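Survey of secondary and tertiary structure
One letter stands for each residue in the lines below.
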Amino acid sequence: MKITILTGSNNLHGTSNTLVDEFIRGATEKGHEIKRFDTAHLNIHPCIGCNHCGMNGNCVFQDDMPKILDEIETSDALVLATPVYYFAMTAPLKASIDRFYSRTGRISRKRLKTAYIMTCWNTDDSTVEPLITHYKKLVDYMNYEDRGMIIGKGCGTTTMMPKHFLEDAYQLGKNI
Ligand SMILES: Cc1cc2nc3c(=O)[nH]c(=O)nc-3n(C[C@H](O)[C@H](O)[C@H](O)COP(=O)(O)O)c2cc1C
């Protein structure tokens, strides 16, 4: 499979990207091809809702997003990874997802497999509930197929991260 990964943290060696690295290790061992985009390090303008694209055309912003959408269009799976920022995904990742709008017709037509990796400091369910609800609605709306979530509660830093999350992410990469 070709798997596109969108990460949302600026910290390339932080908690969420550490789990992404483990996911990639598992997926690569299975022979999958990985296309990774670290959205916090790319030029991705927020959607301005001008509707120039008509939800199925060209966006007025010819930044880094069109090439990411090209990859998603030809992918079999899409993985989102983010730290929790104020009970939500980070702004760069959300900006990327909002830009799906310009290709909604094309990237919702195929039944992409999806996975979600999130990390946060807190250990309570209520911190991650808004992200899980949003992800499930997105998967449903886009006609995707959820293949699993890593809900990294208590992962405020790489040293405090419970070690089983590394194995969980590795296994998700193997089994997506
Ligand atoms: C702006 C900001 C907002 C945050 N909001 C939350 C939050 O709402 N709940 C939580 O448990 N942790 C929150 N955190 C902590 C991060 O989710 C946590 O440290 C995470 O491991 C950072 O991921 P990273 O290393 O991949 O960047 C926040 C951190 C920052 C910088």
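These lines cover the structure that appears in this document, whether it is placed above or below.

Parameters and conventions
- Residues numbered from 1 in each chain as written.
- Predicted model: local features only at pLDDT ≥ 70, side-chain atom pairs only at ≥ 80, totals over all residues.
- Heavy atoms only, no water.
- Helix = DSSP H or I, 4+ residues; strand = E, 2+ residues; numbered from the N terminus.
- Rg over C-alpha atoms; globule rule 2.2 N^0.38 Å.
- Buried < 20%, exposed > 50% of the residue type's maximum accessible area, 1.4 Å probe, protein only.
- Contact = heavy atoms within 4.5 Å.
- Areas by Shrake-Rupley, 256 points an atom, 1.4 Å probe, with all protein chains shown as cover.
- Expected span 1.5 Å × (residues − 1).
- Core = buried A, V, L, I, M, F, W, Y, C linked by side-chain atoms within 4.5 Å.
- Salt bridge = Lys/Arg side-chain N within 4 Å of Asp/Glu carboxyl O.
- Arc of directions from axis to C-beta.
- Patch = residues over 30% accessible without salt bridge, like charges linked within 9 Å, V, L, I, M, F, W, Y side chains within 5 Å.

1. So, the overall build of the protein chain
- Across its full length, the protein chain holds six helices and five strands.
- When the helices and strands of the protein chain are listed from N to C terminus, the series reads β-α-β-α-β-α-α-β-α-β-α.
- Its C-alpha atoms give the protein chain a radius of gyration of 15 Å, near enough to 16 Å, the size a compact globule of 176 residues would have.
- Reported as C-alpha extents along the three principal axes, the dimensions of the protein chain are approximately 45 × 35 × 30 Å.
- For the protein chain, the proportion of its 176 residues judged to be buried stands at 49%.
- Taking the intrachain contacts of the protein chain between residues at least 6 apart in sequence as the baseline, contacts between residues at least 24 apart amount to 78%.
- Of the roughly 8,200 Å² that the protein chain leaves accessible, carbon and sulfur atoms contribute 52%.

2. So, helix H1 (residues 15-29)
- Under the 1.5 Å per step criterion, the end-to-end length of H1 is 22 Å for 15 residues, consistent within 8% with the ideal 21 Å.
- Taken together, the buried positions of H1 are Thr15, Ser16, Asn17, Leu19, Val20, Glu22, Phe23, Ile24, Gly26 and Ala27.
- Lining the buried residues of H1 we find strand E1 (2-7), strand E2 (33-38), strand E3 (77-83), strand E4 (113-119), strand E5 (145-152) and helix H6 (164-175).
- Phi turns positive one or two residues past the end of H1, at Gly31, with a value near 95°.

3. Describing unusual backbone geometry
- Although it is not a glycine, Asn51 adopts a positive phi angle of roughly 65°.
- Tracing the chain through its elements places Asn51 in the loop between E2 and helix H2 (65-73).
- Judged by its relative accessible area of 43%, Asn51 is partly exposed.
- Positive phi, normally seen in glycine, also occurs at Met55, with a value near 65°.
- You can see Met55 is positioned in the loop between E2 and H2.

4. Digging into the nonpolar core
- With 27 residues, the main nonpolar core has Leu6, Ile72, Leu78, Leu80 and Phe100 as its most contacted residues.
- Broken down by secondary-structure element, the contributors of at least two residues to this core are H2, E3, helix H3 (91-98), E4 and helix H5 (125-141).
- When residues in this core are grouped by element, the largest group, six residues, is from H5.
- Once residues within four sequence positions are removed from consideration, Ile72 is found in contact with Thr4, Leu78, Phe100, Ile107, Lys110 and Leu112.
- By size, the runner-up hydrophobic cluster in this structure holds 19 residues, among which are Val20, Ala27, Met161 and Ile176.

5. So, the pattern of salt bridges
- Tallying each qualifying case throughout the model produces 17 salt bridges.
- The salt bridge partner of Lys113 is Glu145, with a shortest N-O separation of 3.8 Å. With Lys113 in strand E4 and Glu145 in strand E5, this residue pair connects regions lying 32 residues apart in the sequence.

6. As for H6
- With twelve residues, H6 extends 16 Å from end C-alpha to end C-alpha; this agrees with the ideal 16 Å at 1.5 Å per step.
- Along H6, the residues that are buried comprise Phe165, Ala169, Tyr170, Leu172 and Gly173. Here the buried residues of H6 occupy an arc of 160° about the axis, which is enough to place them on one side.
- Tucked into the core, H6 has its buried residues touching H1, E4 and E5.

7. Quick look at a nonpolar patch on the surface
- Residues Tyr85, Tyr86 and Phe87 make up a contiguous nonpolar surface patch of about 430 Å² in total accessible area.
- Residue position: Tyr85 is located in the loop between E3 and H3.

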